[in-house]
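Fold and contact review
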Amino acid sequence: MSIQNTASAAQQPEFSVKALILPLMAVIIGMIMVILDSTVVNVAIPNLQAYFDTTLKTIQWTITGYTLSLAAVIPLAGWLTDKFGAKQVFLTTIALFTIGSVLCSLAQTSEQLVLFRVIQGLGGGMVSPIGMAMIFKLSPPDKRGSVMAMLGVPMLLAPAAGPILSGWLIGLASWHWIFLINLPIGIAALLVGWKYLPIIERHKTPALDVWGMILAPIAFSMLAFGMSEGGSDWTSTRTLTGLIVGGVALALFIFVELRQKQPLLELRAFGSSDFTRGVILTWISQIALMGSILMVPLFLQNLLGYTPLESGLTTLPMALASVVFMPIGGKLFDKVGARPLAFVGLIIITIALFLLSKIDLDSSRSTLMLPLAMMGSGMGLSMMALNTHVLNSAPRKLVSRITPLTTATQQVVMSFAIAGLTGFLTSRTTHHMVEAGANANLAQSSASAFGDIFFLTSCIAAFGILMSLTLRKPRLKDDHEGENEEEKPDTTMMMGH
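The following refers to the structure shown. Throughout this description, residue numbers start from 1 for each chain and increase along the sequence as written. Whole-chain, interface and lining totals are the exception, using all residues; otherwise, since this is a predicted model, local features are given only for residues with pLDDT of at least 70 and side-chain atom pairs are given and counted only at 80 or more. Calculation of side-chain values draws on the structure's entire complement of heavy atoms; hydrogens and water are dropped beforehand.

Points about the packing of helix α15 (residues 273-293) against helix α21 (residues 402-436)
Which entries qualify depends on this criterion: Every angle, taken between N-to-C directions, lies between 0 and 180 degrees, and every axis is a line fitted to C-alpha atoms, over only the stretch in contact when it is a helix. Under the DSSP-based scheme used, a helix requires at least four consecutive residues in state H or I and a strand at least two consecutive residues in state E, with every element numbered from the N terminus. The crossing is said to be left-handed when, going from far helix to near helix, the turn is anticlockwise and less than a right angle, and right-handed when the turn is clockwise. Contact criterion: two residues are considered in contact whenever any of their non-hydrogen atoms come within 4.5 Å of each other. Each residue is assigned to one class: nonpolar for Ala, Val, Leu, Ile, Met, Phe, Trp, Tyr, Cys and Pro, charged for Asp, Glu, Lys and Arg, and polar for all the others, Gly among them.
For the pair α15 and α21, interaxial distance at closest approach is 9 Å and the crossing angle is 35°. Where α15 crosses over α21, the handedness of that crossing is right-handed. In contact with F275, V279, T282, W283, Q286, I287, M290 and G291 of α15, α21 contributes I402, L405, T406, T409, Q410, V413, M414, A417, I418 and L421. Within the contact of α15 with α21, the residues separate by chemical class into twelve nonpolar, six polar and no charged.

Next up, the structure:
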């Protein structure tokens, strides 16, 4: 029997990443389009404020609403794919996202734009978890770092390249085109996906967690609203209402999920300390990333007078560095695990954010480009290593429900970061204005507030450095254990049931 197995193994062709190129291409096109819209609006915020004649607090909900709607539908991915099939759901959500993009370009008011951005998010929320699940299934355990690094390129390149594309389109035409550009990309994603994505076998449709579906959006959106309002006044009725309603809804959501046999989000996974530490580190990385890609364009355009294109080009080193260091991080992960990569990556990120905290109205472009390049390098080394570590360290009985949990929580943390940092910017600007007294200068006070934001995020990243030392390398042999057990995880979908 062992001789037959040896012969069979010898006949199997050696794994080649080239075999995954076409399915990878289909997934990457879809992911680029969706993730791009997480940051493409950043450069356009000053233009949107002027066009709709509204405040930063209002217009930031075009970003917060988008990320919250992404988080709201991610947990439904598993149920829908079991019901209708992964490929069908993947293509349908890309189509909905493309339609939402066209609607955004037609918005006549800021409220309409926020609504259409929510539609975009509802369409795009399931693209990444479904795509990652299919690629994860096709990758052998000892090559996952390299393959996931390829998939991770759009996860870092798209957010960093978004401001460049946005600035170019705004300068060439108008803000409407940052959404219209998704129409040809969406059509390309549909065509490539239809032809090359594998057809995944459907499973028995589990019960749908209705209470989880109701409570999660209430909890996350109200908490984000409360944090946003808190930037102006933490004791106001609007702030307290958001935080109290959101907090109560979150407590009920956790209670309901822990009692459900088939919860919307499998919170029991946090019972694993290895998993929890990995997830918290991904949250820290998300906050650090948003601190730079959201605030830098605002600083450049509002205070230094850069055009949208000049603002986008200033962030180019971040995109290039992430592309260079992402595959390096993937290859090193297969050899050394996540701990050294997260440790080194977060050190680089912390230094970069600390350097950004020193910016002022006299800062030159080169002064900003160096720390941004460092940000891209640190993210490239650590981000996908942490994501793959989280998947590998998930409790075996719960692994098929991990992707929606991690992806949804990352989107929620990102929305909290956007709301919180925007509110913090407002409060610190007011603080510096009051502190300056009769000599108050709005531009100088705003510059000091931006410095405060980068210093805060550098402190958060520094805490991540210490946490990274607690990571342990999961055993790859676990992937082959228990192959005949009924509870063997189906990594085909790697998402919530």
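There is more to say, and it comes next.
Examining helix α20 (residues 365-393)
This is how the line gets drawn: How far a helix is expected to stretch is found by multiplying one less than its residue total by 1.5 Å. Bend is the name given here to the angle between axes fitted to two runs of seven residues, the run ending at a residue and the run starting at it. In this scheme, a residue with accessible area under 20% of its type's maximum is buried, one over 50% is exposed, and one in between is partly exposed, where area comes from a 1.4 Å probe on protein chains only.
Taking 1.5 Å as the rise per residue, α20 with 29 residues should run 42 Å; its terminal C-alpha atoms sit 41 Å apart, in good agreement. Helix geometry: α20 is bent most strongly at M379, by close to 30°. Of all 29 residues in α20, 23 are buried, a share of seventy percent or more.

Some remarks on the packing of aromatic side chains
Remark: the centre distance and the inter-plane angle together describe each pair of aromatic rings, the angle taken between the planes. Rule in force here: The rule is short: rings of Phe, Tyr and Trp, with Trp giving its six-membered ring, pair when the centres are within 6.5 Å, and they are stacked under 30 degrees, edge-to-face over 60, tilted in between. Should the NZ of a Lys or the CZ of an Arg lie within 6 Å of a ring centre and within 35 degrees of the ring normal, that charge is described as sitting over the ring.
In this structure the tally under the stated criterion is eleven aromatic pairs. When the centroid spacing of 5.0 Å and the interplanar angle of 85° are considered together, the rings of Y51 and F52 count as edge-to-face. Looking at Y51, the relative accessible area reads 44%, which means it is partly exposed. Both rings, one in F270 and one in W283, keep their centres 6.4 Å apart while their planes meet at 50°; by these two values the pair is tilted. Of this pair, F270 sits in the loop between α14 (237-259) and α15 while W283 sits in helix α15, and the two are 13 residues apart along the sequence. Each member of the aromatic cluster is reached from another via a ring pair, and the members are Y51, F52, W175 and F179. The ring of W194 carries the charged tip of K87 above its face, separated from the ring centre by 5.5 Å.

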